[in-house]
Amino acid sequence: FDVIASLFIDNKNIESQVETESTPLFKGQVLVADDNPVNREVASEILRYLGISVDTADNGQLALDAFKEKQYDLVFMDCHMPVLDGLLATQEIRKEESKNNSDQQVPIIALTANLLSSSDNKHIEAGMNGYLGKPFTINEMIAILREWLPIIGQREPEKAVDNIAIKGDEET
């Protein structure tokens, strides 16, 4: 696993994937919930490269538990996970926010290998704010982050652009 993940996540490889003259650096605490360890590691390393503090969970119940213990600025939530799937975990997070009379909801972005169409509203009905399809590129992740997190600086690139991707989970 570590060998596979290392092929995707060294900083020079990440830098080579960005399609801008400089890479934004963000401020925030993000939770990545995905049952695939490679997906969690790659997403976490990309986020750390972009200046973000990251926690991870490998199922929806652990994501819910983490949410109850810590304040997050953004959550990336796989929709299909064991124990408690991402849709149900999101519904539970929204209940927690209501129970705590929270004025703000944490943005929750669905991570899904199933391409969502405008007619597929399951993630919206569950309380998610958007989605990022797997596989995704670093630039697609940056676009989501620009929408939800403050930019605090820029990182100058060292290389040209390519694509980095997170693999999709297969439906079971």
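The present account deals with the structure reproduced in this document. (Residues numbered from 1 in each chain as written. Predicted model: local features only at pLDDT ≥ 70, side-chain atom pairs only at ≥ 80, totals over all residues. Heavy atoms only, no water.)

**Quick look at the overall build of the protein chain**
Right, on to step 1. Along the protein chain, the regular secondary structure elements total seven helices and seven strands.
Right, on to step 2. Moving toward the C terminus, one meets the helices and strands of the protein chain in the order α-α-β-β-α-β-α-β-α-β-α-β-α-β.
Right, on to step 3. Here the analysis covers contacts within the protein chain between residues at least 6 apart in sequence; of these, 74% occur between residues at least 24 apart.
Right, on to step 4. Total accessible area on the protein chain is roughly 8900 Å²; 47% of this is exposed by carbon and sulfur atoms. (Helix = DSSP H or I, 4+ residues; strand = E, 2+ residues; numbered from the N terminus. Contact = heavy atoms within 4.5 Å. Areas by Shrake-Rupley, 256 points an atom, 1.4 Å probe, with all protein chains shown as cover.)

**Considering helix α3 (residues 37–49)**
Right, on to step 1. Here α3 contains 13 residues, and its C-alpha end-to-end distance of 18 Å stays within 8% of the 18 Å for a straight helix at 1.5 Å per residue.
Right, on to step 2. Those residues of α3 lying buried are Val38, Asn39, Arg40, Val42, Ala43, Ser44, Ile46, Leu47 and Tyr49.
Right, on to step 3. Gly51 lies just past α3 and shows a positive phi near 90°. (Expected span 1.5 Å × (residues − 1). Buried < 20%, exposed > 50% of the residue type's maximum accessible area, 1.4 Å probe, protein only.)

**Some words on the environment of Ala33**
Right, on to step 1. Checked against the element boundaries, Ala33 lands in strand β2 (residues 29–33).
Right, on to step 2. Along the primary structure Ala33 and Thr56 are separated by 23 residues, whereas in three dimensions their C-alpha atoms are 5.7 Å apart.
Right, on to step 3. Ignoring any residue separated from it by four or fewer positions in sequence, one finds Ala33 in contact with Ala57, Ala63, Phe76, Met77, Asp78, Met81 and Leu111.

**Examining the sheet that holds strand β4 (residues 74–78)**
In a beta sheet, neighbouring strands are held together by backbone hydrogen bonds and run either parallel or antiparallel to one another.
Right, on to step 1. The five strands are arranged β3-β2-β4-β5-β6 in an open sheet whose pairing can be described as parallel. Every other strand in the sheet has two partners, leaving β3 (53–57) and β6 (130–133) as the edge strands with one partner each. Averaged over all pairs of adjacent strands, the angle between their axes in this sheet comes to 20°, without regard to strand direction.
Right, on to step 2. For β4 and strand β5 (residues 108–112), the ladder comprises four bridges, and the chain directions are parallel. (Pairing = 2+ DSSP bridges. Axes fitted to C-alpha atoms, helices over the stretch in contact; angles between N-to-C directions.)

**Considering the environment of Leu74**
Right, on to step 1. With respect to the element layout, Leu74 can be found in strand β4.
Right, on to step 2. Look at Leu74 and you get buried, because its relative accessible area is 0%.
Right, on to step 3. Separated by 42 residues in sequence, Leu74 and Val32 place their C-alpha atoms 8.8 Å apart.
Right, on to step 4. Dropping the residues within four chain positions of it, Leu74 is found in contact with Gln29, Val30, Leu31, Val106, Pro107, Ile109, Leu145, Trp148 and Leu149.

**Here's the deal with the environment of Ala57**
Right, on to step 1. The residue Ala57 is located in strand β3 in this model.
Right, on to step 2. Ala57 sits in the buried class, given a relative accessible area of 4%.
Right, on to step 3. Taking C-alpha positions, Ala57 is 8.2 Å from Arg40, a pair spaced 17 residues apart along the chain.
Right, on to step 4. Setting aside residues up to four positions removed in sequence, Ala57 forms contacts with Leu31, Val32, Ala33, Asp34, Arg40, Leu62 and Ala63.

**So, the packing of helix α4 (residues 60–69) against helix α5 (residues 86–99)**
Right, on to step 1. Running from amino to carboxyl end, α4 crosses α5 at an angle of 20°, the nearest separation of the two axes being 9 Å. Judged by the inter-axis angle, α4 sits roughly parallel to α5. The chirality of how α4 crosses α5 is right-handed. Across the interface between the two elements, Gly60, Leu64, Phe67 and Lys68 from α4 touch Ala89, Glu92, Ile93, Glu96 and Glu97 from α5.
Right, on to step 2. Its residues assigned to classes, the contact of α4 with α5 comprises four nonpolar, one polar and four charged. (Parallel < 35°, antiparallel > 145°, perpendicular 65-115°, else oblique. Left-handed = near helix turned anticlockwise from the far one by under 90°. Nonpolar A, V, L, I, M, F, W, Y, C, P; charged D, E, K, R; others polar.)

**A short note on α4**
Right, on to step 1. Where α4 is concerned, the buried positions are Gly60, Ala63, Leu64, Ala66 and Phe67. Taken around the axis of α4, the buried residues stretch over an arc of 160°, which confines them to a single face.
Right, on to step 2. Buried residues in α4 make contact with β2, β3, β4 and α5.
Right, on to step 3. A distance of 2.9 Å separates the backbone nitrogen of Gln61 from a side-chain oxygen at the start of α4, and that oxygen is part of Asn59. (Arc of directions from axis to C-beta. Polar contact = N/O pair within 3.5 Å; in protein donor to acceptor, adjacent residues only side chain to side chain.)

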